[in-house]
Amino acid sequence: MSVSARPLVAAPDDEADPASLEVVPARHPWRWVGVAVVLVLLAQFVHGLVTNPGWDWPTFRQYFTADSILRAVGVTIELTVHGTVLGFALGVVLALMRLSRSPFLQVVSWTYVWAFRSIPLIVQLLFWFNIAYLYQRFDFGIPFGPSFISFDTKDLIGPMSAAVLGLALHQAAYSAEIVRSGIIAVDHGQLEAAAALGIPRLRQFRRIVLPQAMRSILPNAANEVISLFKGTSVVSVMAIGELFYQAQVIYGRNARVVALLMVATVWYIAMTTLLSVVQHHVERHYAKGALRDLPPTPLQRLRARWSALRARAGATR
């Protein structure tokens, strides 16, 4: 075996100097091919929307802002807000019970999550809607003894109350797992450091664990809220006047099925887009402690992309 002592050939000075190198942008031909294909398909879809009379856009314009539809949108938003607030409030309690040191609380929380995730939502809604067939009265008093206060079940739980109760209890099971996954994602060493500093456990959870856990909780929680917003259409089986039920009522009278389904679809898309925008800004707020620079908003991305294209176009002239 021999070792060559021949020196390496030095690169020319003009190639070694970075300032003398010509910067050539990377070529992405297949990316532009994909963009062209998508634009063609999008153009065909838009052309079909405009020219196909089956979409029945006059009927769509007539009912999109009708009073009955707007009231139904309000009912849908009300169901979503109540189900989200009550569901996540109960979900936080269940998550803390699951993470507690008490075996009894752990078993109760696990059983609740297992039961309500196993039963379909429509079954839960119909059960609460028909609870008066099982229990005609609710009595409050001594167990197996005399009662002090009584309520008629049919007066206590109406259709709207049954819908909110079913959505909230169903949502709580999923919310509990979302919150629990966010809490256990926080490094346990931070809790040990906080305990060593003598910080109370409640303050540890409120000021250390929860802000960091929110970065893991928010994407999944927002996804659940959006799913709940669309899932409120299930309460149409209870004849509650939410958006999908009202669209069914109208197209049952005038037989304009596609136009009324598009009315409901566009309202769902608009509200989902609004929730997605809120989610983005809330995530940016909780990213302050983890990122040096906050992630740009979609509008900032478009502006940066447009500025880069203009600069590249000016450089090639």
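This text goes with the structure placed above it.
Residues numbered from 1 in each chain as written. Predicted model: local features only at pLDDT ≥ 70, side-chain atom pairs only at ≥ 80, totals over all residues. Heavy atoms only, no water.

**Q** It is not clear to me how the environment of glycine 87 should be interpreted in this structure. Could you clarify?
**A** Here glycine 87 is to be found in helix H4 (residues 67-99). On the basis of relative accessible area, glycine 87 is assigned to the buried category, the value being 0%. Sequence-distant contacts of glycine 87, that is, excluding residues within four places in its chain, are made with His82, Ala168, Gln171, Ala172 and Ser175. (Helix = DSSP H or I, 4+ residues; strand = E, 2+ residues; numbered from the N terminus. Buried < 20%, exposed > 50% of the residue type's maximum accessible area, 1.4 Å probe, protein only. Contact = heavy atoms within 4.5 Å.)

**Q** Just to check I follow, could you spell out the packing of H4 against helix H12 (residues 243-254) for this structure?
**A** Between two packed helices, the angle of one axis relative to the other and the distance separating the axes together describe the packing. In the contact formed by H4 and H12, the axes pass within 8 Å of each other and the chain directions differ by 155°. Taken together, the axes of H4 and H12 are roughly antiparallel relative to one another. Each of Ser68, Ile69, Ala72, Val73 and Thr76 in H4 lies in contact with H12, whose residues at this interface are Leu243, Gln246 and Ile250. (Axes fitted to C-alpha atoms, helices over the stretch in contact; angles between N-to-C directions. Parallel < 35°, antiparallel > 145°, perpendicular 65-115°, else oblique.)

**Q** Sorry, what's going on with the environment of arginine 117 here?
**A** By secondary structure assignment, the location of arginine 117 is in helix H5 (residues 103-118). For arginine 117, a relative accessible area of 42% corresponds to the partly exposed category. Between the alpha carbons of arginine 117 and alanine 173 there is a distance of 6.3 Å; along the sequence they are 56 residues apart. Those residues within four positions of arginine 117 in sequence are excluded, and the remaining contacts are Ala173, Tyr174 and Glu177.

**Q** Would you mind going over H12 with me for this structure?
**A** The periodicity of an α-helix, 3.6 residues per turn, causes residues three or four positions apart to be oriented the same way. Taking 1.5 Å of rise per residue, the twelve residues of H12 would be expected to cover 16 Å, and the 17 Å separating its terminal C-alpha atoms lies within 8% of that figure. Within the span of H12, buried status applies to Leu243, Gln246, Ala247 and Ile250. Angular distribution of buried residues about the axis of H12 spans 100°; they occupy a single face of the element. Residues of H12 that are buried in the fold lie against helix H3 (57-64), H4 and helix H13 (257-286). A side-chain oxygen of the first residue of H12 lies 3.0 Å from the backbone nitrogen of phenylalanine 244; this N-cap is glutamate 242. Just beyond H12, the residue with positive phi is alanine 255, at close to 65°. (Expected span 1.5 Å × (residues − 1). Arc of directions from axis to C-beta. Polar contact = N/O pair within 3.5 Å; in protein donor to acceptor, adjacent residues only side chain to side chain.)

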